[in-house]
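Letter by letter, the chains look like this.
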Amino acid sequence: MNPFVIVLLVLLGLVLAIGLWYISTMNALRRLEVKVEEADSGIDVALTKRFDALSKLVGATKGYAKHEAELFEKVTKWRKGLPDQLSMEQKQEFQSRLNEVQSGINVAVENYPDLKADKVFINLQNSINEVEEHLQAARRLYNSNVSTINQRIVTFPTSIVAGMIALAKKEFFEADTEKRADVEVSF
Amino acid sequence: MDALKPYQETKKAAEKKILIGGPLAVLAVALFLLVGLNSQVIQILAGIIFLAGVILIIIGSVAFSKMVRTFKTTFLKEKIGEWVENGVYEPNRGLALNEVYQCEFMRHADRFHAEDYIRGSLDGVQFEMCDIKLEERRVEHTKNGTRTYYVPFFTGQFYAVDFNKNFNGALQVLETERPRSKRPFKKIKMESVKFNKIYKTYTTNDHTAFYLITPQMMERMMKIEQDHPGNIGFAFIDNKMYLAIDNNRSLLEVQMFRPLDERRIEAFKDDFKLIQDVIHELKLNQNIFKEIA
């Protein structure tokens, strides 16, 4: 066979292999991106549930924790829940505000053993605790997915494809550990 | 312990018979091979001695088995009632095979055996457990024909524990690979590299895996794996936690020529350590996992 044809075939093979690798890597990165987006919406769902549960708790403890009720009304920027298209930083801020209100209520009701023993209050606390667990699970799942995609984005040769499709590193959802400890409900 | 005495005596008598019968049979064979080949009288004598030996072994073994049955159905039954709240012990039955398959990580068996069924609760957590043995059939084609035999692939204990936490989908945490199933399980990685090295996590819902396996739960699962030799598998499906440990041993077994004393009874009590550890380490005794009345 003509050496020129051989070189041409080898070159064509190389281009084809690179093309296939590019497509598969791009698809893998897109899939990971979708997983991050899904986990992100999981956080939104959990935050909304937490907001709803906390609204009920604030309503039930209004008479005992007036300050917290006011705080909830004033401080919570998004009184009707979580708006769409929030940045991760804004979501973290939203969570911090909810934590503040929750820990305030926990401290306030310490002085009211009757309220603490009330079945409705206990149920509300239990549901808040469950919602909080879901929020933490959503946060961990999101961070795990972000960690995976970020590793791929910075690792050579995947970083080349990530750069070509303008895929940037994703932001982690940081846990506000101090505040999180405050809202833990003891059993 | 006075209550043990009758069993110890029966056991001793049965073992004595076997101890006499065994050497007698050996002696008969030796006699036949060494001096009996040319003498019909010696052959008859060896035959009689052999028969006597075998009869003694059979009588001893039957007496031993009978003693074990009585020991389990009376003495152990009572003890388990003390060790486990509302404890029910049925030595001759176990969980059904379809109950074992509920965990969805057990390979399908060609032959199944279950015994030493126990039901009760520890710290208010309901559980069921039993010894199980799963075997697969192998067929070997040789010049002399076809030979079918069974090879055990799981010998250990199976537990079904109440797990009253609402979650979507199913989750499995296993030391080994899982078999294929209809449910679309997928392998996921948790945050802990150490945990991922020990266990493989399979779930139908990523969120459920992260919801049920908290970082603390991961630590405790690793501790359970460290404290209990054998291959461990956990499954969380429909308000139940299934636990299987392939440790090649059988619980609550009385062995011949091994003392049946208080230490042995304590060892039987230790057989509940795994389920106790699981309930305590995974904090299943906390209200969040218990059924709300």
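Worth saying up front: this structure is predicted, and the values here are computed from it rather than measured. Residue positions are counted from 1 within each chain, in the order its sequence is given. Chain letters and ligand numbers both follow the written order, the letters beginning at A and the numbers at 1. Two thresholds apply to this predicted model, a pLDDT of at least 70 for residue-level local features and 80 or more for giving and counting side-chain atom pairs, whereas whole-chain, interface and lining totals are computed over all residues. Values reported for side chains reflect all heavy atoms of the structure, with hydrogen atoms and water molecules removed beforehand.

From N to C terminus, chain B includes eight helices and nine strands. With respect to the principal axes defined by its C-alpha atoms, chain B has extents near 80 × 60 × 30 Å. Of all 293 residues assigned to chain B, the portion counted as buried reaches 42%. Contact between two residues is taken to exist if any of their heavy atoms lie within 4.5 Å; hydrogens are not considered. Within chain B, counting contacts between residues at least 6 apart in sequence, those at least 24 apart form 66% of the total. Areas reported here follow the Shrake-Rupley algorithm with a probe of radius 1.4 Å; residue values treat only the protein chains shown as occluding. When the accessible surface of chain B is totalled, it reaches about 15,800 Å², and 53% of it is carbon and sulfur. Helix and strand assignments come from DSSP, with helices taken as H or I runs of at least 4 residues and strands as E runs of at least 2, each series counted from the N terminus. Burial here depends on accessible area, computed with a 1.4 Å probe over protein chains only, as a share of the maximum for the residue type. Under 20% is buried, over 50% is exposed, and the range in between is partly exposed.

Scanning chain A for helices and strands turns up seven helices and zero strands. Ordered by position in the sequence, the α and β elements of chain A form the string α-α-α-α-α-α-α. Residue burial in chain A is summarised as follows: out of 187 residues, 41% are buried. In chain A, 80% of the contacts between residues at least 6 apart in sequence involve partners at least 24 apart. For chain A, the exposed surface amounts to about 10,700 Å²; the carbon and sulfur share of it is 58%.

The next point concerns the nonpolar core. Residue and element names in this part refer to chain B. Phe-71, Phe-234, Phe-236 and Met-241 are the most contacted members of the largest nonpolar core, which has 93 residues in total. Ignoring any residue separated from it by four or fewer positions in sequence, one finds Phe-71 in contact with Leu-4, Tyr-7, Leu-76, Val-254, Leu-260, Ile-265 and Phe-268. Judged by nonpolar contacts, the second largest core, of 24 residues, contains Tyr-101, Phe-105, Phe-154 and Phe-158. For our purposes a nonpolar core is just a set of buried Ala, Val, Leu, Ile, Met, Phe, Trp, Tyr and Cys residues, chained together by side-chain atoms within 4.5 Å.

Here the focus is the environment of Glu-140 of chain B. Residues and elements named next belong to chain B. Note on placement: Glu-140 falls in strand S3 (residues 125–142). The exposure class of Glu-140 is partly exposed, given its relative accessible area of 31%. Contacts of Glu-140, omitting those with residues within four sequence positions, involve Gly-145, Thr-146, Arg-147 and Tyr-149.

Moving on to the environment of Pro-91 of chain B. Residue and element names in this part refer to chain B. Inspection of the secondary structure puts Pro-91 in the loop between strand S1 (85–90) and helix H3 (97–101). Separated by 19 residues in the primary sequence, Pro-91 and Lys-72 have C-alpha atoms spaced 6.6 Å apart. Those residues in contact with Pro-91, other than ones at most four positions away along the chain, are Lys-72, Thr-73, Glu-115 and Asp-116.

On the chain A side, the residues contacting the 14 residues of chain B number 11 residues. Of the roughly 1,100 Å² buried between chain B and chain A on both sides combined, carbon and sulfur atoms contribute 57%. One side-chain nitrogen of Lys or Arg within 4 Å of one carboxyl oxygen of Asp or Glu is enough to make a salt bridge. There are one salt bridge connecting chain B and chain A. Here a polar contact is taken to be a pair of N or O atoms separated by no more than 3.5 Å, where protein atoms must pair a possible hydrogen donor with a possible acceptor and residues adjacent in sequence count only if both atoms sit in side chains. Where chain B packs against chain A, one counts four residue pairs in polar contact (both at pLDDT 80 or more). Of all the secondary-structure elements, those providing two or more residues to the side of chain B that touches chain A are helix H5 (206–212) and helix H6 (215–227) of chain B. Here the quantity called buried area is the total loss of accessible area, with a 1.4 Å probe, experienced by two parts when brought into contact, counted for both.

Turning next to the sheet that holds strand S4 (residues 145–162) of chain B. Residues and elements named next belong to chain B. Taken in spatial order, the nine strands make up an open sheet running S1-S2-S3-S4-S9-S8-S5-S7-S6, and their pairing is antiparallel. A strand with exactly one partner marks an edge of an open sheet, and here the two such strands are S1 and strand S6 (186–188). This sheet shows a mean twist of 20 degrees between the axes of neighbouring strands, independent of strand direction. Pairing between strands requires that DSSP locate at least two bridges from one strand to the other. As defined by bridge partners, S3 adjoins S4 across 16 bridges and the pair is classed as antiparallel. Counted as the bridge partner of Arg-138 is Tyr-149 from S4. Those strands touched by helix H8 (residues 273–281) are strand S2 (111–122), S3, S4, strand S8 (231–237) and strand S9 (240–246), and its axis lies near 140 degrees from that of S9. In this analysis, axes come from line fits to C-alpha atoms, helices being fitted only over the stretch in contact, and the angle between any two N-to-C directions falls in the range 0 to 180 degrees.

Attention now goes to the packing of aromatic side chains. Residue and element names in this part refer to chain B. Only centres within 6.5 Å qualify two rings of Phe, Tyr or Trp (six-membered ring in Trp) as a pair; their planes then separate them into stacked at under 30 degrees, edge-to-face at over 60, and tilted for everything else. What the rule picks out here adds up to 10 aromatic pairs over all chains. Ring geometry for Phe-71 against Phe-75: centres 5.1 Å apart, planes inclined by 15 degrees, an arrangement best described as stacked. Of this pair, Phe-71 and Phe-75 both sit in helix H2 (residues 40–83), four residues apart, roughly one helical turn. Residue classification places Phe-71 among the buried residues on the basis of a relative accessible area of 0%. We classify Phe-75 as buried; its relative accessible area is 8%. Ring plane angle 65 degrees and centroid distance 5.0 Å describe the contact between Phe-163 and Phe-236, whose orientation is recorded as edge-to-face.

All right, on to the domain arrangement of chain B then. Residues and elements named next belong to chain B. Partitioning chain B into domains gives domain 1 (1–83) and domain 2 (87–289). On a C-alpha basis, the centroid separation for the pair domain 1 and domain 2 is 36 Å. Both sides together, the interface formed by domain 1 and domain 2 hides about 1,900 Å², and carbon and sulfur atoms give 78% of it. Broken down residue by residue, the surface that domain 1 buries against domain 2 is led by Lys-72, Ile-80 and Trp-83, which jointly contribute 35%. For the interface between domain 1 and domain 2, the tally reads two salt bridges. Where domain 1 touches domain 2, the interface holds six residue pairs in polar contact (both at pLDDT 80 or more). For this classification, the nonpolar set comprises Ala, Val, Leu, Ile, Met, Phe, Trp, Tyr, Cys and Pro, the charged set comprises Asp, Glu, Lys and Arg, and every other residue, Gly included, is treated as polar. Class assignment for the residues of the side of domain 1 that touches domain 2 results in 13 nonpolar, three polar and five charged. Domain start and stop positions are those given by an automatic or database domain assignment.

Moving on, we get to the environment of Lys-5 of chain B. Mapped onto the elements, Lys-5 of chain B comes out in helix H1 (residues 5–34). Through-space distance from the C-alpha of Lys-5 of chain B to that of Asp-261 of chain B is 9.0 Å; in sequence the pair is 256 residues apart.

The subject of this paragraph is the confidence of the model for chain A. Residue and element names in this part refer to chain A. Per-residue confidence from the predictor is reported as pLDDT, which spans 0 to 100. The predicted model of chain A averages 81 in pLDDT, with 81% of residues at 70 or higher. Mean pLDDT across the elements of chain A bottoms out in helix H7 (residues 177–182) (44) and peaks in helix H6 (residues 158–164) (91). With pLDDT under 50 throughout, residues 177–187 is counted as low confidence; its partners more than four residues away or in other chains account for 20 contacts.

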